[in-house]
Structures are given as C-alpha cells and as structure tokens.
Amino acid sequence: MSIDFVPAKIVKGAGGAILEDVPHITDWLPDLPTYTNPLKYHPAYAAVRQYFVEESDVVAKDVVVNVNRTSGATYFRRAGPRDKIYFKPEDVKACIVTCGGLCPGLNTVIREIVCGLWTQYGVREIFGIIGGYRGFYCRNTIDLNPKVVNDIHKRGGTILCTSRGGHETSKIVDSIEDRGINQVYIIGGDGTQKGAWAIHKECVKRNLEVVVAGIPKTIDNDIDIIDKSFGFDTAVEEAQRAINAAHVEACSAQNGIGLVKLMGRYSGYIAMYATLASRDVDLCLIPEVPFYLEGPGGLYEFVDQRLHESGHMVIVVAEGAGQELIAESMGSHDNLVDPSGNPLLLDVGLWLSQNLKSYFAKAHPTYKEPLTLKYIDPTYMVRAIPSNASDNVYCTLLAHSAIHGAMAGYCGFTVGPVNNRHCYIPIPRVVSTQRHVNVADRMWARLLSGTNQPDFLRYKVVMEERRRTKALKQAESKEEHVPKQILKSPPVSPSQTCPLTDVDINGSNVTKQMKDDSTARISTGDRQFFPATGYPLVTSPVPGDPTANFNQETP
Ligand SMILES: Nc1ncnc2c1ncn2[C@@H]1O[C@H](COP(=O)(O)OP(=O)(O)OP(=O)(O)O)[C@@H](O)[C@H]1O
Ligand SMILES: O=P(O)(O)OC[C@H]1O[C@](O)(CO)[C@@H](O)[C@@H]1O
Ligand SMILES: [Mg+2]
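Rules and cut-offs
- Each chain carries its own residue numbering, running from 1 in the written order of its sequence.
- The order in which chains are written sets their letters, starting at A; the order in which ligands are written sets their numbers, starting at 1.
- Confidence filtering applies because this is a predicted model: local features only for residues at pLDDT of at least 70, side-chain atom pairs given and counted only at 80 or more, and all residues used for totals across whole chains, interfaces and linings.
- Working from all heavy atoms in the structure, the side-chain values ignore hydrogens and water.
- UniProt positions are given in the numbering used here, feature names are shortened, and annotations may be inferred rather than shown by experiment.
- We count a stretch as a helix when DSSP gives it H or I for four or more residues in a row; a strand needs E for two or more, and each element gets its number in order from the N terminus.
- Any two residues whose heavy atoms approach within 4.5 Å at even a single point are treated as in contact.
- Accessibility here uses a 1.4 Å probe with only protein chains present; expressed as a share of the type maximum, an area under 20% marks a residue as buried, one over 50% as exposed, and anything in between as partly exposed.
- A pairing counts as a salt bridge when a side-chain nitrogen of Lys or Arg comes within 4 Å of a carboxyl oxygen of Asp or Glu.
- Ring geometry is summarised as follows: Phe, Tyr and Trp rings, the Trp one being its six-membered ring, pair when their centres sit within 6.5 Å, and such pairs are stacked at plane angles under 30 degrees, edge-to-face over 60 and tilted between the two.
- We count a charge as sitting over a ring when the NZ of a lysine or the CZ of an arginine lies within 6 Å of the ring centre and within 35 degrees of the ring normal.
- Any residue with a heavy atom lying within 4 Å of a molecule or strand is counted as near it.
- A 3.5 Å cut-off defines polar contacts: any pair of N or O atoms within that distance qualifies, except that in protein one atom must be a possible hydrogen donor and the other a possible acceptor, and neighbouring residues in sequence count only when both atoms are side-chain atoms.
- The accessible surface values rely on the Shrake-Rupley method and a 1.4 Å probe; as for residues, cover is taken only from the protein chains in view.
- Residues are sorted three ways: Asp, Glu, Lys and Arg are charged, Ala, Val, Leu, Ile, Met, Phe, Trp, Tyr, Cys and Pro are nonpolar, and all the rest, Gly among them, are polar.

Examining the UniProt feature "binding site: Mg(2+)" (unreviewed entry) in the protein
The sites that UniProt annotates as "binding site: Mg(2+)" (unreviewed entry) are Asp190. With respect to the helices and strands, the residue Asp190 is situated in helix α5 (residues 190–205). Beyond its immediate chain neighbours, meaning those up to four positions away, Asp190 contacts Ile223, Val431 and Gln434.

As for the UniProt feature "binding site: ATP" (unreviewed entry) in the protein
Per the UniProt annotation, the sites labelled "binding site: ATP" (unreviewed entry) are Gly101, Arg164, Gly165, Gly189, Asp190, Gly191 and Thr192. In three dimensions, the annotated residues from a span of 92 residues occupy one location, with a maximal C-alpha spread of 12.9 Å. For Gly165, the location among the structural elements is in the loop between α3 (146–149) and α4 (169–179). Residues contacting Gly165, with those up to four places away along its chain left out, are Tyr133, Arg134, Pro339 and Ser340. With respect to the helices, strands and loops of the structure, Thr192 is situated in helix α5. Classification of Thr192 by relative accessible area gives buried; the value is 5%.

Let's talk about the pattern of salt bridges
Here the structure, examined in full by the defined rule, presents 24 salt bridges. In the salt-bridge network here, residues are joined through shared partners; they are Asp174, Glu177, Glu202, Lys205 and Arg206.

Here we look at the packing of aromatic side chains
Inspection of every chain in the model, using the stated rule, returns 9 aromatic pairs. With 5.6 Å between their ring centres and 85° between their planes, Phe232 and Tyr273 make a pair best called edge-to-face. Of this pair, Phe232 sits in helix α6 (residues 232–251) while Tyr273 sits in helix α7 (residues 269–278), and the two are 41 residues apart along the sequence. With a relative accessible area of 25%, Tyr273 lands in the partly exposed category. Grouped by ring-pair contacts, the aromatic residues Tyr45, Tyr51 and Phe52 constitute a single cluster. Stacked on the ring of Tyr269, the Lys or Arg Arg435 has its end atom at 4.9 Å from the ring centre.

So, the site of ligand 1
As a structural note, the neighbourhood of ligand 1 is formed by 20 residues, with Gly101, Gly165, Asp190, Thr192 and Ser340 the closest of them. Within the contact set of ligand 1, an oxygen atom lies 2.4 Å away from a side-chain nitrogen or oxygen of Thr192. Within the complex, 87% of the 630 Å² of free accessible area of ligand 1 lies under protein. Here the shell around ligand 1 takes 5 residues from α5, the largest share from any one element. Split into classes, the residues belonging to the shell around ligand 1 amount to 3 nonpolar, 12 polar and 5 charged.

Digging into the side chain of Asn221
When you line up the elements, Asn221 lands in the loop between β11 (211–216) and α6. Every residue in contact with Asn221, bar those within four places of it in the chain, is listed here: Lys228, Ser229, Phe232, Tyr269 and Arg435.

With respect to unusual backbone geometry
Unusually for a residue other than glycine, Asn420 sits at a positive phi of about 75°. Tracing the sequence through the fold places Asn420 in the loop between β16 (413–418) and β17 (421–426). Taking the relative accessible area as the measure of exposure, Asn420 reaches 66% and is therefore exposed.

Structural data, given as structure tokens:
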C-alpha cells in the first residue's frame, strides 16, 4: 500500500517561523457552517478565564535553541478548545478504535474520550469498534457512554480489544460511511497512525464530512516529536518490581546473576529509565548499542569482573537488543513478521542466559560456586497493568485535546505534548521517523556513569572477525574455495577500534554522533574516558540525526 506521508500544510509566519499545520475539514468542504462552542456555557469551563485557544497559538518544537539561529524555527498548532466548532453536538457520531499492542492507559483514554464528548460537548452517539482496524468491517460496534466506561481506567488492556494487521482502507472507510460516523478516534502506535493517515486521505478523496484524530500509544516510547507516550511511566515503575526480584535473587547466591528482559523493539527507553530508576542494575543492553560477548571490552569480560568484585549482578536487556548477533550465532535468517509486518524478535533473554551459563561452565570449571542465573521475563506483565496516577492524568489531557481538535474541524493529526504543551502534529511528521535513545546524550552518559558498563566500541570489528573465522572454518570443513577477500583481510587486532560511521542497525543507516560536551575527553588506547571519573565514554552509533530529539532528551 502506498500512502503519501508528505506533511499536509506548511505555513510561514512573520519573522520566519514555520508552522507545520494539520489538515482542516474546510480544506475540502469550504462552506461548512460553524457553531458556538458549548463549553462557553459549561458551568465548569465558562468560569475559567482564557480557556479557549487562539487560532494563532502555536508551540515551538525546540525550546533549547542556539541564540544565533532562532529564525526558521518549527512550530505546531496548539491543542485545546476553540471558540467555534464545526460539528453540531447532536449530529456527531463518534467512534473509537484501539490498535497494536497493549499499553497501560488505553482504557483511560477511551474513558476520557467518551466522558469528554458526552459531558463537555453533549455528544450522545459514541461507538466502540471492536478488535482494531479489522473490527470496522467484520464486527458489530458497541455503544459507549459514561456509565459503560465509568470504571474501566482501573483495568489493564483495552475494553475494545486490539489487533495487528487487517488495515483495509477502503473497507474501513466504507464502514465509516455506512454507519454515518463523522469523528474517528484512533489510538495506537506508529503503525496505527500510518493507518489513521490512510483513512484520513480516503475520507478526503471521497469528500466525506469526517475527521480522523490520532492518539499516540506506545509502551516503547518510540513515537517521535512528542515528549513521552502514555503508559511509559507506569511501565518503568512496574519494571522495578522485576528488577528488585532479580536483585534479591542475585544477592542471595554466590555468583548470582539476575537477568530481566523488558520491552523495546527498536528503542531501549524502558530499559534505560528502569535502569536509571533502580540503581541496582549493573548492565543495561538496548537495541541502539550493539554488544558482543567475547574478548576485550566484551560482555563476558565485564560479567567476570563484576562477579569478582561484588559476587552478584543484575542485567537489564531490552527485547530488541543484540538481534543481529543472535541471528548470526543461531544461523537464523527467517525474518518472520507479525500480521502488521513488524519483525518477530529472537529471545535475547533466553539466548543470553544460555550463553552466560555455558561460558561460565567452560571458562571457570573450577569455580567453588557455579553461576546462579535467574532469568525474569515480565514483558507482558509490565504492559498489561492499569496506568498509574500521573499517566491517568496524562491520558485525560490527550483525550480532551483530541476531542477539542476534532470538534474544531482539525483532522489527520496526532495529538501530544511537545515541550509540555499539547499540540496537533500532522501524522506524517510523527510517523516519518522513529524515536531512539540518543546515546550521545547526557542521559545515556548518566546511565553509563552509574553502571560503569562497557561501551562495546569494538562491535563492528568483533563481528567482522567472527564472520571471517566462521567462513574460514566452513570452507575448511567442506574443503571449499575460500573467497579471496576473506583470505586477504588480515585478522583484526584486539586493539583496533570500531569505526563508528557506517554501522547499520535495524536496516537504517546510522552515523557516529558525539554531541559536543563541555567535559573534556582523554583517550587511552582505543577507549575514551571521562577524566574525572575514569568511566568509559560511550561513542556508540545511534540512528538518525544527532540533534533530532534534542528537546526530548536530557533536561
Ligand atoms: N503503513 C501502514 N498503513 C496502514 N496501516 C498500517 C500501516 N502499518 C500498520 N498499519 C496497521 O496499524 C495497526 C497497528 O500496527 P502495528 O501492529 O504495527 O502496531 P502499532 O500501532 O505500531 O503499535 P505497537 O507500538 O504496539 O507496535 C495494524 O492493524 C496494521 O495493519
Ligand atoms: O506480542 P505482541 O502483542 O505482538 O507485542 C509485542 C510488541 O509490542 C510492543 O510492546 C510494542 O507495543 C513491543 O515492545 C513488543 O515487541
Ligand atoms: Mg509500532
């Protein structure tokens, strides 16, 4: 399916400001009437001065800027209620759908959309689409009202159920047309938002009086532009319970290792924040920092050292970490995908457990105490719980921002906070890049300074060495002709550094990124250290533009 992900509207403001605006229903239906926002007469809201947002109110994408480069800055349209709305409340037929994986807070968002539409705008026809996108065309809807959703925020999951795959744009829009729906609220991750954009485009093509509003959901926190996704804080908090258990297990044994796997397909945010919050973690592995096991600077060396020093350790690994290494070592090149086309991951937790156990059995056969490794996989437990208090409040704001936008005729947007202010962001802007942990940022440095873990700088060199040895062995055993370039390339010396400019993670080109830091660096051999602490300085590659997520990173 090819969808045009070009941002809809770029508006140039005075002074060189650039507003990345969202579509509005009058873009294709210019003669629609407007109505006074009923919130003007609402007992709660009418009392609040400056409750309404001006049409010219915008939010800056970046708040930390270079004083000499302030013109040409990017802005998004500020979210919130408008004076005028484009839907008569009694004519609104709204529907809500949840797609993709679970995330704490889904039910809260559903509840708040229903209650917000009902109590603030007087909307009475609200439907739930059951089971994700495919529910539009193969399931009946359910009626939603404040009574039905009253308690749902106390439960994990989604009362509407969810699914992957099944996005058939024309069937979905047929169903929207047939049911007379004119507001579509779509809650889901990057895939879901792409689907929402396709539905929006189809509605425009058919000249329908329909607005599509996206509410971003991802436990991995990998949606770009917005500050943070709902449910993320809850997930980090819940992950502490698993880390605590791992720590207790590890401390209670000689050579005890507690290994915890957390979610994070491409982005290691949960692992990173759970590590920073816990302070019991000795090693945090994330997809953005490829690691290796053997040799100098490798994982085994560090584990050896840590067990020697303290007798126990805790490792936190994001599910997407080390995928290339595991695939190579298992000779697995299946490239299996889920119904939405997302790659199915190899189990890094199991793989790491097995490898650590066999390494220690071989390397230390005479250890008085053998390795005691406990592997905890709380991934689904972490995402299946209800959202915590702060996520609940956040979900309310998201839901309210979405309904204000839809009532005001805005569409094709993803709603979310940018620098703590809620905005309407054009969907293409949100889905065109994925958000990753910026390992050149100070937050990752904080983690490294806490764990003192290896930087795995020699990753690329080690992988090349492995491939070379493997190819030679295979060729020898089969007495095959060894490719010339393999014989020619000399064995890699252990002190050789890893060039950081062209490593490829998850299919995307990555470049070395080192943000200038006031901290001076000194170099010792092939590794760099913070002079004050002697802790290694990470120079691992990360995907994307080094300054892309500047705002969302370290305060
Ligand atoms: N490019 C696309 N165009 C249209 N629909 C899409 C696209 N990508 C994904 N979808 C649909 O969006 C829905 C959710 O996608 P996906 O399973 O990738 O989850 P997600 O929204 O990214 O959430 P999660 O964070 O859990 O992965 C699926 O029904 C899928 O078919
Ligand atoms: O097993 P499922 O439902 O496909 O979900 C697993 C995936 O969903 C996510 O939580 C994203 O929502 C990923 O972290 C994880 O890989
Ligand atoms: Mg996704």
